[in-house]
Amino acid sequence: DDGVRGGVATADIEQGTELLHCPWKLVIGSNGIDDQMTDMCDVVKAIDAEIRLGKTSLWFPYLDLHHESLLTTRLPTLWGPGARQELQGLPPADDAQRHTQWLVSDCGARPEDAVTQEALLCF
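Residues numbered from 1 in each chain as written. Predicted model: local features only at pLDDT ≥ 70, side-chain atom pairs only at ≥ 80, totals over all residues. Heavy atoms only, no water.

### Concerning the nonpolar core
One broad rule of soluble globular proteins: the nonpolar side chains tend to lie buried together.
Then comes step 1: Formed by I28, C41, V43, V44, I47, I51, W59, L63, L103, C107, A119 and L120, the largest nonpolar core amounts to 12 residues.
Then comes step 2: Listing elements by their share of this core, those giving two or more residues are helix 1 (40–53), helix 4 (98–107) and helix 5 (114–122).
Then comes step 3: The element contributing the most residues to this core is helix 1, with 5 residues.
Then comes step 4: Every residue in contact with A119, bar those within four places of it in the chain, is listed here: V44, I47, D48 and I51. (Core = buried A, V, L, I, M, F, W, Y, C linked by side-chain atoms within 4.5 Å. Buried < 20%, exposed > 50% of the residue type's maximum accessible area, 1.4 Å probe, protein only. Helix = DSSP H or I, 4+ residues; strand = E, 2+ residues; numbered from the N terminus. Contact = heavy atoms within 4.5 Å.)

Rendered as C-alpha cells:
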C-alpha cells in the first residue's frame with residue numbers, strides 16, 4: 001500500500017455530477033445534513049455505543065477491522081504517566097494528552113475506560 005487514494009476518470013465528468021453517495025444512516029454520529037457532526041463529543045459517544053453493541057452493531061465489520069491495531073497502538077496518549085515522562089520533553093510529550101484532555105473537559109468522558117479509548121481512537 002503506497003498510501004495514495006483517489007479515483008481516475010476515463011471520460012469527462014459533467015460538473016455537478018454526484019460521484020459518491022453515502023446514506024446518512026451509514027454515518028456514525030450524524031443523522032443528516034443539518035446534524036453534520038456538530039458535536040464531536042456526540043460522535044465519540046456514538047462510536048463508543050456501537051463498539052459496546054459488539055456484533056449486533058451495524059458498524060461491527062468496520063470497527064472490528066481496526067480493533068486489534070487500536071489496542072496495540074503506540075500512541076503516547078495511551079501510555080502510562082511514567083512512560084510519557086520518559087519522553088523528557090521530546091515531541092510529542094507536550095501534546096500527548098491533548099485528545100484525552102479534550103475528552104474529559106469537553107465531553108465529560110472517562111478516558112480510563114478501554115472502550116472509550118477505542119472510540120476516541122476510531123474518531
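### Looking at the environment of A109
Then comes step 1: In this structure, A109 sits in the loop between helix 4 and helix 5.
Then comes step 2: Take A109: its relative accessible area is 22%, and that puts it in the partly exposed class.
Then comes step 3: Between the C-alpha atoms of A109 and C41, which are 68 residues apart in sequence, the distance is 8.9 Å.
Then comes step 4: Once you skip the residues sitting within four places of it in the chain, A109 turns out to touch L103, V104 and T116.

### Things to note about helix 1
Then comes step 1: For helix 1, with 14 residues, the first-to-last C-alpha span of 20 Å sits near the 20 Å given by 1.5 Å per residue.
Then comes step 2: Listing the buried residues of helix 1 in full gives C41, V43, V44, I47, D48, E50 and I51. (Expected span 1.5 Å × (residues − 1).)

### Re helix 4
Then comes step 1: Of all the residues in helix 4, the buried ones are T100, L103 and C107. Viewed along the axis of helix 4, the buried residues span an arc of 80°, placing them on a single side of the element. Facing away from the buried side of helix 4 by more than 90 degrees, the exposed set consists of Q101, S105 and D106.
Then comes step 2: On its buried side, helix 4 packs onto helix 1 and helix 5.
Then comes step 3: Once helix 4 finishes, G108 follows within two positions and takes phi at roughly 65°, a positive value. (Arc of directions from axis to C-beta.)

### Section: the side chain of D113
Then comes step 1: Mapped onto the secondary structure, D113 falls in the loop between helix 4 and helix 5.
Then comes step 2: The buried category is assigned to D113, whose relative accessible area is 16%.
Then comes step 3: Within polar-contact distance, the side chain of D113 engages the backbone nitrogen of V115 at 3.1 Å.
Then comes step 4: Setting aside its immediate chain neighbours within four residues, D113 contacts D48 and R52. (Polar contact = N/O pair within 3.5 Å; in protein donor to acceptor, adjacent residues only side chain to side chain.)

### Some thoughts on the state of the cysteines
Such a bond, covalent and formed between the sulfur atoms of two cysteines, is termed a disulfide.
Then comes step 1: Summed over the entire model, instances satisfying the criterion amount to 1 disulfide.
Then comes step 2: Between the sulfur atoms of C41 and its disulfide partner C107 the distance amounts to 2.0 Å. Residues C41 and C107 are joined through a disulfide that is left-handed, its torsion about the S-S bond being -80°. Here C41, found in helix 1, pairs with C107, found in helix 4; they are 66 residues apart in sequence, far enough to count as distant.
Then comes step 3: Accessibility expressed as a relative area gives 8% for C41, which makes it buried. (Disulfide = S-S within 2.5 Å.)

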